[in-house]
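These are the residues of each chain, in order.
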Amino acid sequence: MSHDLFEAAKAAMAKSHSPYSSFPVGAALRTADGRVFAGANVEIASFPEGWCAETTALGHYIMAGGGEISEIAVVAARMDKVTPCGGCRQRLAEFTRPSTKVHLCDANGVVETVTMGEMLPYGFDGETLR
Ligand code: THU
């Protein structure tokens, strides 16, 4: 992975609104045609109403027209290797393939790269809903 995706995730993390957990997270995804969309977690005083960094990034991606996602980076300054939560795995799976790479980062860069399929085995498949 080129370092710019990590840098985009880290820059997004700096914009996190996380006054309740003090746990800023940043996520960035790159499309196959080279566009990068990033986002941070947003916390709300009514705790369940907040949302994750990956979800913010996906919102930007959708509003820009979507497209094939080639790779994703996630970073949390306070964790050696942040991994997307279960809900975000399912959201990311909606727009990726099992082979799509996910880079798990610490504050300095990529610590480990996994695939969506490794992260969400036996995920719910919306194909039957179509
Ligand atoms: N968080 C994310 O943004 N992404 C994840 O995949 C894990 C958790 C956020 C949600 C909440 O604002 C904070 O981290 C602590 O759970």
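So, here's what we can say about the structure. (Residues numbered from 1 in each chain as written. Predicted model: local features only at pLDDT ≥ 70, side-chain atom pairs only at ≥ 80, totals over all residues. Heavy atoms only, no water.)

### Digging into the site of the ligand
Phase 1 of the analysis: In the vicinity of the ligand, the residues found are Ser-21, Phe-23, Val-25, Asn-41, Glu-43, Cys-52, Ala-53, Glu-54, Thr-83, Pro-84 and Cys-85.
Phase 2 of the analysis: Between the ligand and Cys-85 there is a distance of 2.9 Å, counted from an oxygen atom to a backbone nitrogen or oxygen.
Phase 3 of the analysis: For the ligand, the protein covers 75% of the area, taking 370 Å² as the surface of the free molecule.
Phase 4 of the analysis: With respect to the detected pockets, the ligand is housed in the second largest pocket. (Near = heavy atom within 4 Å. Polar contact = N/O pair within 3.5 Å; in protein donor to acceptor, adjacent residues only side chain to side chain. Areas by Shrake-Rupley, 256 points an atom, 1.4 Å probe, with all protein chains shown as cover. 1 Å grid on protein atoms, 1.4 Å probe; cavity = no way out; pocket = protein on both sides within 12 Å on 5 of 7 lines; lining within 4 Å. Sits in = over half its atoms within 2 Å of the grid points.)

### Considering helix H2 (residues 53–63)
Phase 1 of the analysis: Taken together, the buried positions of H2 are Ala-53, Glu-54, Thr-56, Ala-57, Leu-58 and Tyr-61.
Phase 2 of the analysis: Check the buried side of H2 and you find it contacts strand S1 (25–31), strand S2 (36–40), strand S3 (69–76) and helix H3 (86–94).
Phase 3 of the analysis: Gly-65 sits one or two residues past H2 and shows a positive phi near 105°. (Buried < 20%, exposed > 50% of the residue type's maximum accessible area, 1.4 Å probe, protein only. Helix = DSSP H or I, 4+ residues; strand = E, 2+ residues; numbered from the N terminus. Contact = heavy atoms within 4.5 Å.)

### Observations regarding the pairing of strand S5 (residues 109–115)
Phase 1 of the analysis: Relative to S5, strand S4 (residues 101–106) runs antiparallel, the two sharing six bridges. When the bridges of S5 are listed, Leu-104 appears paired with Glu-112. (Pairing = 2+ DSSP bridges.)

### What about the sheet that holds S2?
Phase 1 of the analysis: Ordered in space as S2-S1-S3-S4-S5, the five strands form an open sheet in which the pairing is mixed. Each edge of the open sheet is held by one strand with a lone partner, namely S2 and S5. When the angles between neighbouring strand axes are averaged without regard to direction, this sheet yields 20°.
Phase 2 of the analysis: One ladder, built from five bridges, connects S3 with S4; its direction is parallel. When the sheet's bridge partners are listed, Val-74 is paired in S4 with Leu-104.
Phase 3 of the analysis: Docked against the sheet, H2 engages S1, S2 and S3, running at close to 140° with respect to S2. (Axes fitted to C-alpha atoms, helices over the stretch in contact; angles between N-to-C directions.)

### Thoughts on unusual backbone geometry
Phase 1 of the analysis: In the Ramachandran plot, Ser-22 falls in the positive-phi region, its phi being about 50° despite a non-glycine side chain.
Phase 2 of the analysis: Tracing the chain through its elements places Ser-22 in the loop between helix H1 (3–13) and S1.

### Here we look at the layout of surface pockets
Phase 1 of the analysis: There is about 350 Å³ of room inside the largest pocket.
Phase 2 of the analysis: Lining the largest pocket we find 15 residues, and of these Ala-93, Glu-94, Thr-96, Phe-124 and Asp-125 sit closest to its centre.
Phase 3 of the analysis: When residues of the lining of the largest pocket are traced back to their parent elements, those giving at least two are H3 and helix H4 (116–119).
Phase 4 of the analysis: Counting residues per element, the lining of the largest pocket draws most heavily on H3, which supplies three residues.
Phase 5 of the analysis: Of the residues assigned to the lining of the largest pocket, the class counts are five nonpolar, five polar and five charged.
Phase 6 of the analysis: Approximately 170 Å³ is the volume attributed to the second largest pocket.
Phase 7 of the analysis: Phe-23, Val-25, Asn-41, Cys-52 and Glu-54 are, among the 14 residues lining the second largest pocket, the residues nearest its centre.
Phase 8 of the analysis: Taken together, the residues of the lining of the second largest pocket sort by class into nine nonpolar, three polar and two charged. (Points joined across faces, edges and corners; volume = space filled by probe spheres on them. Nonpolar A, V, L, I, M, F, W, Y, C, P; charged D, E, K, R; others polar.)

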